[in-house]
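Listed here are the chains, written in short residue letters.
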Amino acid sequence: MKKWDKIIYIFFLLLPIVDLCTSLITKFTSASITPGLIVKGIILIFCILYVFVFSKSKYKKKTVIYLCLLLFFGITYFLAKNYTFSVVKFLNEIKYAFKYFYFPVMICGVLNMVDDYKPSKELVIKILISNAVIYTILMIIPYITSTGFNSYTEYWLYKGESGWFFSANEVGAVLTLLLICIYYFINYRKKWYIILVFPLLISIAIIGTKVSFVGLLIMTFFCLIATLINKKEAIIPCVIVGLFLFSSLFFSPIFNNYTNLKSNINNNQDNQGISGINQNGDSNINNNNSKSDDVHKQNKGKNESNNLNEINEFEDLISNRFVASKLKILLSGRDRFLINNINVYANSNLSDKLFGLGWNDRPEINYTVSKKVIEIDVADIFIHYGIIGFLIYFLPLFYCLVLGIINIKYFTIETWLSFLTLMTEMGISIFAGHVLSAPAVSTYLVLLIGLMMITIREKKEKK
């Protein structure tokens, strides 16, 4: 293994441990500086320095322009806010900027590094498999020893465990992505490696959230289909994995949770979402994110006289009541947070529409709703960073999509599987958040993009 390969491998090997330490510190202390913040902050700075100073990639010019554009947007973003300077407000904005813009900056770094150093596909596969094994161990041991954290604060109503990780949604998103290893366990390793699939499936089943359950089904299906296309004689391993999947469902509390959730929503149509869902499973919340429904009710009467077009119910957005009711179950109360923030955004001035509402209270535009984090990543980016910020944010991802379309004839089974995994994660970011806004998750998304680039490059070299 080359020197740089070793460094990259060790870095990713340490990531689950860093995230675990971060979770424990967040859970049991009030510390604002965590190992995850330090490590990922260093990596972010390294990516920026690499692009500007060391890169010789054909992507350097485009990524430098993008990073300069991002810097210009950041300056304009602060100038557009009518803040009375406050260190607390400034640090709050920086904290959220780091969480959200970590992803596009990392894409810039990976585009350059993959093109410069041309890491092998085997390295990325080894990273994915190693991390899948580590995360599985860190989920199964707490489950066996009954020392794991509950996925929900209302643990008497909603069951599930997130191991020793603080956020059930984050670890669920990471494990969903790492389920791509099912394909590699079947195709690239010794036959007995298939046994590792079972504990991996259990580790995600026990979380008990909708995200983890749907991700479990979708990703297992994708991996089995990809395996059969790649190797038609692999029917027996696929049947074994199918049996593993069926068996792992007995460990999942999702059916009980879904029944209780549906009953809870039907009995409380004007609620703020599932009581207790904003806990370990939804950890990225503002310190003032309680009593959001009370604020909604207070603002509702006050605003109705001034804003005739204000949205009061989710059905005002989705006219089909059947679809709306199902989406409300999927969103687990995020529909109320979405409506509250949309109303503020719709009645804000042009500057706020272009550059976003930000993350601090804005009395001049009545932005005092308690629940500022909607936990729908795409909506959070649009509401808080505006039309311009939204477009700038997704430029690197759009560029990668364009590169994929240009090179689609070089797609292999692995490329398509990586792409479908990426799309699954984007779906999770819409319904549960904690993907684009969580560096612990988006790091693996960037790794997946790197894997796609590598498989395309290797296919080109063979022709």
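Treat the numbers as computed from the prediction; the structure is a model and nothing was measured.

What follows concerns the overall build of the protein chain. Counting secondary structure elements, the protein chain contains 19 helices and zero strands. Taking all 463 residues of the protein chain together, the buried fraction comes to 56%. Residue pairs at least 24 apart in sequence account for 78% of intrachain contacts in the protein chain once pairs closer than 6 positions are excluded. A total accessible area of about 20700 Å² is found for the protein chain, and carbon and sulfur atoms account for 68% of it.

What follows is about the packing of aromatic side chains. Under the defined criterion, the tally for this structure stands at 35 aromatic pairs. With 4.1 Å between their ring centres and 10 degrees between their planes, Tyr-96 and Trp-359 make a pair best called stacked. With Tyr-96 in helix 4 (residues 87–117) and Trp-359 in the loop between helix 15 (350–355) and helix 16 (377–393), this pair connects stretches of sequence that are 263 residues apart. Considering the side-chain rings of Tyr-143 and Phe-251, the 6.5 Å spacing of their centres and the 65 degrees angle between planes classify their relative orientation as edge-to-face. In this pair, Tyr-143 is assigned in helix 5 (residues 121–145) and Phe-251 in the loop between helix 10 (235–248) and helix 11 (254–267), connecting sequence segments 108 residues apart.

This paragraph deals with the nonpolar core. In this structure, Tyr-100, Phe-103 and Leu-128 are the most contacted members of the largest nonpolar core, which totals 109 residues. Per-element tally for this core: the top contributor is helix 4, with 13 residues. Setting aside chain neighbours within four positions, we find Tyr-100 in contact with Trp-359, Val-373, Asp-377, Asp-380, Ile-381, Tyr-385, Tyr-393, Leu-436 and Ser-437. Core analysis: the second largest hydrophobic core is formed by 13 residues, Tyr-345, Leu-357, Ile-365 and Ala-379 among them.

Unlike most non-glycine residues, Asn-366 shows phi in positive territory, near 60 degrees. By the element assignment, Asn-366 lies in the loop between helix 15 and helix 16. In this structure, Glu-375 takes a positive phi of about 70 degrees despite not being glycine. Positionally, Glu-375 belongs in the loop between helix 15 and helix 16. Using a relative accessible area of 2% as the deciding quantity, one classes Glu-375 as buried.

The next subject is the side chain of Thr-455. Residue placement: Thr-455 occurs in helix 19 (residues 439–462). Relative accessible area serves as the criterion here: at 4%, Thr-455 is assigned to the buried category. Engagement of the side chain of Thr-455 in a polar contact is seen with the backbone oxygen of Met-452, the distance being 2.9 Å. Those residues in contact with Thr-455 that sit more than four places away from it in its chain are Lys-121, Thr-412, Glu-414 and Thr-415.

A word on the environment of Thr-412. On the secondary structure map, Thr-412 appears in the loop between helix 17 (395–406) and helix 18 (413–431). Setting aside anything within four residues of it in sequence, one finds Thr-412 in contact with Thr-455 and Lys-459.

Before going further, it helps to spend a moment on a nonpolar patch on the surface. A cluster of nonpolar side chains, namely Leu-69, Leu-395, Phe-398, Leu-401, Val-402, Ile-405 and Ile-406, defines an oily patch on the protein surface of about 620 Å² accessible area. The biggest single contributor to the nonpolar patch is helix 17, with six residues. Considering the arrangement of structural elements, one finds Ile-405 in helix 17.

With that settled, consider the confidence of the model for the protein chain. With 87% of its residues at a pLDDT of 70 or more, the protein chain shows a mean pLDDT of 85. pLDDT under 50 marks residues 269–306. Its contacts with residues more than four places away, or in other chains, come to 101 contacts.

Parameters and conventions
Residues numbered from 1 in each chain as written. Predicted model: local features only at pLDDT ≥ 70, side-chain atom pairs only at ≥ 80, totals over all residues. Heavy atoms only, no water. Helix = DSSP H or I, 4+ residues; strand = E, 2+ residues; numbered from the N terminus. Buried < 20%, exposed > 50% of the residue type's maximum accessible area, 1.4 Å probe, protein only. Contact = heavy atoms within 4.5 Å. Areas by Shrake-Rupley, 256 points an atom, 1.4 Å probe, with all protein chains shown as cover. Phe/Tyr/Trp six-rings, centres within 6.5 Å; stacked < 30°, edge-to-face > 60°. Core = buried A, V, L, I, M, F, W, Y, C linked by side-chain atoms within 4.5 Å. Polar contact = N/O pair within 3.5 Å; in protein donor to acceptor, adjacent residues only side chain to side chain. Patch = residues over 30% accessible without salt bridge, like charges linked within 9 Å, V, L, I, M, F, W, Y side chains within 5 Å. Salt bridge = Lys/Arg side-chain N within 4 Å of Asp/Glu carboxyl O. pLDDT = per-residue confidence, 0-100.

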